[in-house]
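The primary structure of each chain is shown beneath.
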Amino acid sequence: MNKHIIALDLDGTLLTDEKTISPSTKAAVQQIIQEGHIVVISTGRPHRASIKYYHELGLDTPMVNFNGALIHHPLNQKWDVIHSPLPLRKAREIIHMANEMGVKNILAEVKDHVHLHYYDEDMMKIFDTNEHPVTVGPLTNHLKTDPTSLLIQPKEGDMEKVKYIREELDKHAEAIDHRRWGAPWHVIEIVRSGLNKAVGLHKIAHYYRIPRERIIAFGDEDNDFEMIDYAGTGVAMGNAIDGLKSIADETTASNEEDGIAHFLNSYFQMKPSIR
């Protein structure tokens, strides 16, 4: 079979709810790699929160982070990195707006440097900040560089506030794109306008000279729409939101039911195995 690119979202897709890769899924992905296909991670997560899964799978390919705001190759420093941050002036406008609306917290990321408006141990754990620099304090004072992304955390359970914040963010549509994380966080993630996972996948496909019809992409949330639509075969997980399932070419089992392994074993006619 001709060489394919297999693009994997992380949370809710490659990862179980416990944030691990199941043995069956890991075996299927590694078998695909041995057969000469190209596996890439395409995620909204930053590099630091993705790299352990990259190494666990034994990848040596480029990676898409921050929903396309950072496209790079973890093992090849000569690879043509694309980093597309938000303009600092626009970021400060958004931060001011969020403060005025009384949100729980705001987080800015400059690649792997985290700026946290209010100290929050739970947030620091989620963003894998243990081995990376963290600045805590008012972002209007401490953020002095164009951020790769902004994250707004509304107060728990306030779904009306989430809706209202996103409506206000729509007023900045010429400069930003925003997405909402799934439960339980409902965090709103903001990147520069025009960026999404499909942008990163397009660059990687061009690098490997793989046509769109030989790209398979897996996802589950609204930040996967463009990638699933761009891929020759877009696959929604069984746990995916309804909107993603409606545009996907295929639907597989959930992330808790080895959905990626089931699809790859069937599509590539591989015998399931666990190593």
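Residues numbered from 1 in each chain as written. Predicted model: local features only at pLDDT ≥ 70, side-chain atom pairs only at ≥ 80, totals over all residues. Heavy atoms only, no water.

(A) Broad picture of the nonpolar core. By size, the foremost hydrophobic cluster in this structure holds 27 residues, and its most contacted members are Ile6, Leu8, Leu14, Phe218, Ile260 and Leu264. Looking at this core, the elements with two or more residues in it are strand 1 (5-8), helix 1 (10-14), helix 2 (23-34), strand 2 (38-41), helix 3 (51-56), strand 12 (215-219) and helix 11 (259-267). Those residues in contact with Ile6 that lie beyond four places of it in its chain are Ile32, His37, Ile38, Val39, Val40, Ile216, Phe218, Leu264 and Phe268. Among the nonpolar cores identified, the runner-up in size contains 23 residues, and Ile95, Ile106, Leu139 and Leu143 belong to it. (Core = buried A, V, L, I, M, F, W, Y, C linked by side-chain atoms within 4.5 Å. Buried < 20%, exposed > 50% of the residue type's maximum accessible area, 1.4 Å probe, protein only. Helix = DSSP H or I, 4+ residues; strand = E, 2+ residues; numbered from the N terminus. Contact = heavy atoms within 4.5 Å.)

(B) Fine view of the sheet that holds strand 4 (residues 70-72). Within the open sheet, the three strands sit side by side as 3-4-5. Their pairing is antiparallel. One side of each edge strand has no neighbouring strand; the edge strands of this open sheet are strand 3 (63-65) and strand 5 (82-83). For strand 4 and strand 5, the ladder comprises two bridges, and the chain directions are antiparallel. Note that in strand 5 the partner of Ile71 across the bridge is Ile82. Each of strand 3, strand 4 and strand 5 is contacted by helix 8 (residues 197-208), which is oriented at about 160° to strand 3, the strand it contacts most. (Pairing = 2+ DSSP bridges. Axes fitted to C-alpha atoms, helices over the stretch in contact; angles between N-to-C directions.)

(C) A look at the packing of aromatic side chains. Taken as a whole, this structure holds five aromatic pairs when the rule is applied. Consider the rings of Trp79 and Tyr207, whose centres lie 5.6 Å apart with planes at 80°: the pair is edge-to-face. In this pair, Trp79 sits in the loop between strand 4 and strand 5 while Tyr207 sits in helix 8, placing the two residues 128 residues apart along the sequence. Overall, the relative accessible area of 6% leaves Trp79 in the buried class. Between Phe218 and Phe263, the ring centres sit 5.6 Å apart and the planes meet at 85°, which makes this aromatic pair edge-to-face. Placement of the pair is Phe218 in strand 12 and Phe263 in helix 11, with a sequence separation of 45 residues. An identical accessibility class is assigned to Phe218 and Phe263; each is buried. Through pairs of rings, three or more aromatic residues link up here, namely Phe218, Phe263, Tyr267 and Phe268. A cation over an aromatic ring shows up here: Lys203 above the ring of Trp79, its NZ or CZ 4.6 Å from the ring centre. (Phe/Tyr/Trp six-rings, centres within 6.5 Å; stacked < 30°, edge-to-face > 60°. Lys NZ or Arg CZ within 6 Å of the ring centre and 35° of its normal.)

(D) View of the domain arrangement of the protein chain. Here the protein chain is partitioned into domain 1 (5-83 + 195-268) and domain 2 (88-192). Facing the 17 residues of domain 1 at the interface are 17 residues of domain 2. Here domain 1 and domain 2 share an interface that buries about 1,500 Å² over both sides, 45% of which is from carbon and sulfur atoms. For the domain 1 face of the interface with domain 2, the top three residues by lost area are Arg48, Phe66 and Leu195, together amounting to 46%. At the junction of domain 1 with domain 2, the criterion picks out four salt bridges. The partner of Arg48 in a salt bridge is Asp112, with the nearest N and O atoms 3.3 Å apart. If you look at where domain 1 meets domain 2, you find seven residue pairs in polar contact (both at pLDDT 80 or more). Of the residues belonging to the side of domain 1 that touches domain 2, the class tally is six nonpolar, six polar and five charged. (Domains from an automatic or database assignment. Buried area = accessible area lost by both parts, 1.4 Å probe. Salt bridge = Lys/Arg side-chain N within 4 Å of Asp/Glu carboxyl O. Polar contact = N/O pair within 3.5 Å; in protein donor to acceptor, adjacent residues only side chain to side chain. Nonpolar A, V, L, I, M, F, W, Y, C, P; charged D, E, K, R; others polar.)

(E) Here's a closer look at the pattern of salt bridges. Evaluated as defined, the whole model comprises 13 salt bridges. When the shortest N-O distance is used, the salt bridge between Asp222 and Arg166 registers 3.9 Å. Taken as a pair, Asp222 in the loop between strand 12 and helix 9 (225-230) and Arg166 in helix 7 (residues 159-169) lie far apart in primary sequence, 56 residues in all. When its relative accessible area of 15% is taken as the criterion, Asp222 is described as buried. Each of Asp9, Lys197 and Asp224 takes part in salt bridges that share partners, so that together they form one network.

(F) The arrangement of the side chain of Ser42 in detail. Mapped onto the elements, Ser42 comes out in the loop between strand 2 and helix 3. Leave out the neighbours within four places in its chain, and Ser42 touches Leu8, Asp9, Leu10, Val64, Lys197 and Met227.

(G) Fine view of helix 7. If you check which residues of helix 7 are buried, you get Lys161, Val162, Ile165, Glu168 and Leu169. When helix 7 is viewed along its axis, its buried side chains cluster within an angular range of 125° and face the same direction. Buried residues belonging to helix 7 abut helix 4 (88-100), strand 9 (149-153), strand 10 (176-180) and strand 11 (188-192). (Arc of directions from axis to C-beta.)

(H) Molecular detail of the environment of Leu169. Inspection of the secondary structure puts Leu169 in helix 7. Spatially, the C-alpha atoms of Leu169 and Asp17 are 30 Å apart, while their sequence positions differ by 152 residues. Not counting chain neighbours up to four residues away, the residues in contact with Leu169 comprise Ile94, Met97, Ile176, His178, Ile188 and Ile190.

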